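Below, each chain spelled out in residue letters.
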Amino acid sequence: MADSSSTPPAAPADVNSNRSTTPVSTSFRDYIATQWADRDETLPAPREAAAFAAARRQRISAMHPGERLIVPAGPARVRSNDTDYAYRAHSAFSHLTGWGADAVPDSVLVLEPRFEQREGGMEPAAAGHDATLYFRPTAGRDSDEFYANAAIGEFWLGPRPSLAHVAADLALATMPLSALEDVLESTDATTRIVREADRDLTDQVDGRRLLNAELPEPGAEGAIHGGSAGTIDTDGDAVLLRDLSELRLVKDAWEIGQLRAAIAATKQGFDDVIADRPAITAHPRGERLVEGTFNRRARAEGNQVGYDTIAASGPHACVLHWTTNDGPVVPGELILIDAGVELDSLYTADITRTLPVDGSFTEVQRRVYEAVLQAADAAFAIVRPGIRFREIHAAAMAVIAQRTAEWGFLPVSAAESLDPDVQYHRRYMVHGTSHHLGLDVHDCAQARRELYLDGILEPGMVFTIEPGLYFQPDDLTVPPEYRGIGVRIEDNVLVTESGAENLSIGIPRTADDVEAWLSGAAA
Ligand code: GLY
Ligand code: MN
Ligand code: MN
């Protein structure tokens, strides 16, 4: 069977042979294969993340005794024709390996279950799994890949590490990707794969499951290993994905350090935007300059942005995920900037600040801003281990209902609006108040509701608190002076043993501090 996972991506000579100029003469091939200096094979000490990744592997291992777990990094994704998007490994893969922006595309982590002889036969061993990282190592000079393959070749994309280098760096056993075929050979119904990470590899695993399924005895009931002959039971895959998501609900010390660093880099990005205001307000597409200035810092300090930067000036702030960013940035209006630097480890910040473009809030802008800040502070005040995640949203919504009722925007009282069957105040804030944050901006998204929205907070959890108020430009329920104002204040919060720490407290957030920041008075 063809093994597409270990077949290197096609060289452009295959897909664009009409414009290939690579010489094919034997003299050239022989010549380019020779006279290269030996590689420096000094092995690195394990990176700091390696020990943390090993502990995470142990935890997922203990949850899946006797099952083979396949966690692909995933392929490079095509943008168009022979150009790809910037590569990013699947988050579960990075979490379990510690390999971030430097991960090699198509790599696969396999946790092979250990079995031991017991009375009654082989049983899953207490000691769990053996982890092996399969990847495409550096190509030798004896192949033509290094100069002729523009998709992965060293002359085109830069060198890949050796098996020994990655084994030392990540403190993991490594094997060439071509050896994955042996693993696939023995795939059966006890294999679990993160399906969404690599569709081609998943198709191969499914094919092997079908091929290797034990056929029922003629006349017997059909279910084998939880599946029926001729069908693929993917429930186990879904459980693995869920468990990997839930594994990330509580961050370890290394992850918390990464998030602090991502937030510090994000602060620099906001500082850059503030310093760049003269150019930004002078340009007809000033929002694009905001995006460019922030993203420049993200590329300089980290891997990239953790999500598309939202640079929403004036009424664009009422579009929750405004990423078109093609409008002007106009003095007298507010600009809502929702942006986060993703580090090389792939951990990202997720920060929103809403700034008065000319440096001072108008009275009505300040009134809205302070209501949102009050909602954020009310939410933060209740965060401690033992409360339920959804209580944070409820605390913020109590303030939003109260303030919008006071202003006369609701057809009922705040208390009546807060009734789950009413909720008129949500017209002005339709999104949630908090989400977990980590390797993904919306981290742990496959966790069960009982552990996420209905879950109990534990020390080490990191999430956003991000209430907002958005008065659409054509909303007839609010006075004209409110229309087109959108404010969100988003901070990143760590649950501690005794309460909570606002990790982004260093980024000015009160109205006065924001004005001081814009005037150059704040650090
Ligand atoms: N930046 C997207 C969000 O705040 O969830
Ligand atoms: Mn967010
Ligand atoms: Mn955000």
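Fair warning: this is a prediction, and the values are worked out from it, not measured in the lab.

(A) Expanded view of the overall build of the protein chain. Across its full length, the protein chain holds 17 helices and 19 strands. Expressed as a percentage of its 523 residues, the buried residues of the protein chain come to 49%. For the protein chain, contacts bridging at least 24 residues in sequence account for 70% of all contacts bridging at least 6. With an accessible surface of roughly 23500 Å², the protein chain has 52% of that area assigned to carbon and sulfur atoms. Of note, the protein chain has its 46 positive side-chain charges centred 3 Å away from the centre of its 79 negative side-chain charges.

(B) Region of the structure containing the nonpolar core. Core analysis: the biggest nonpolar cluster contains 88 residues, and Ile392, Leu457, Phe463, Leu469 and Phe471 have the highest contact counts within it. In this structure, Leu469 is in contact with Val368, Ala371, Val372, Ile400, Thr404, Trp407, Tyr428, Ile485, Gly486 and Val487, ignoring residues within four places of it in sequence. Counting 25 residues, the second-largest nonpolar core is a separate cluster that includes Ala73, Leu96, Val194 and Leu247.

(C) Expanded view of the pattern of salt bridges. The tally for this structure, following the rule as stated, stands at 42 salt bridges. The residue Arg114 makes a salt bridge to Asp130 at a minimum N-O spacing of 2.7 Å. You can see Arg114 sitting in strand S4 (residues 108-118) and its partner Asp130 sitting in strand S5 (residues 121-135), a full 16 residues away along the chain. Judged by its relative accessible area of 30%, Arg114 falls in the partly exposed class. The shortest N-O distance in the salt bridge between Glu246 and Arg448 comes to 2.8 Å.

(D) A look at helix H17 (residues 511-518). Buried residues of H17: Ala511, Val514, Glu515, Trp517 and Leu518, and no others. Down the axis of H17, the smallest arc covering the buried residues is 160°, so these residues share one side. Residue Gly520 follows H17 closely and has a positive phi angle near 90°.

(E) View of the packing of helix H3 (residues 49-63) against helix H11 (residues 253-275). Taken N-terminus to C-terminus, the directions of H3 and H11 make an angle of 125°; their axes are 9 Å apart at the nearest point. One finds that H3 runs oblique with respect to H11. Between H3, through Ala49, Phe52 and Arg56, and H11, the contact on the second element is made entirely by Ala253, Trp254 and Glu255. Split into classes, the residues belonging to the contact of H3 with H11 amount to 4 nonpolar, no polar and 2 charged.

(F) Layout of the sheet that holds strand S7 (residues 191-193). Strand order in the open sheet formed by 5 strands is S6-S5-S4-S1-S7, with mixed pairing between adjacent strands. Because the sheet does not close on itself, it has two edges, and the strands there are strand S6 (173-176) and S7. With strand direction ignored, the average angle separating the axes of adjacent strands in the sheet is 30°. By the bridge criterion, 4 bridges tie strand S1 (residues 68-72) to S4 in an arrangement that is antiparallel. Among the inter-strand pairings, Val71 is bridged to a residue of S4, identified as Leu109. Of the strands in this sheet, S5 and S6 are in contact with helix H7 (residues 163-170), which crosses S6 at around 155°.

(G) Fine view of unusual backbone geometry. We note that Gln35 has phi near 65°; this positive angle belongs to a residue other than glycine. Of note, Gln35 is situated in the loop between helix H2 (26-32) and H3. Notably, Asn81 is not glycine yet its phi reads approximately 55°, a positive angle. Relative to the assigned elements, Asn81 resides in the loop between strand S2 (78-80) and strand S3 (83-84). Assessed through its relative accessible area of 60%, Asn81 is described here as exposed.

How each quantity is defined
Residues numbered from 1 in each chain as written. Chains lettered and ligands numbered in written order. Predicted model: local features only at pLDDT ≥ 70, side-chain atom pairs only at ≥ 80, totals over all residues. Heavy atoms only, no water. Helix = DSSP H or I, 4+ residues; strand = E, 2+ residues; numbered from the N terminus. Buried < 20%, exposed > 50% of the residue type's maximum accessible area, 1.4 Å probe, protein only. Contact = heavy atoms within 4.5 Å. Areas by Shrake-Rupley, 256 points an atom, 1.4 Å probe, with all protein chains shown as cover. Lys, Arg positive; Asp, Glu negative; His and termini not counted. Charge placed at Lys NZ, Arg CZ, Asp CG, Glu CD. Core = buried A, V, L, I, M, F, W, Y, C linked by side-chain atoms within 4.5 Å. Salt bridge = Lys/Arg side-chain N within 4 Å of Asp/Glu carboxyl O. Arc of directions from axis to C-beta. Axes fitted to C-alpha atoms, helices over the stretch in contact; angles between N-to-C directions. Parallel < 35°, antiparallel > 145°, perpendicular 65-115°, else oblique. Nonpolar A, V, L, I, M, F, W, Y, C, P; charged D, E, K, R; others polar. Pairing = 2+ DSSP bridges.

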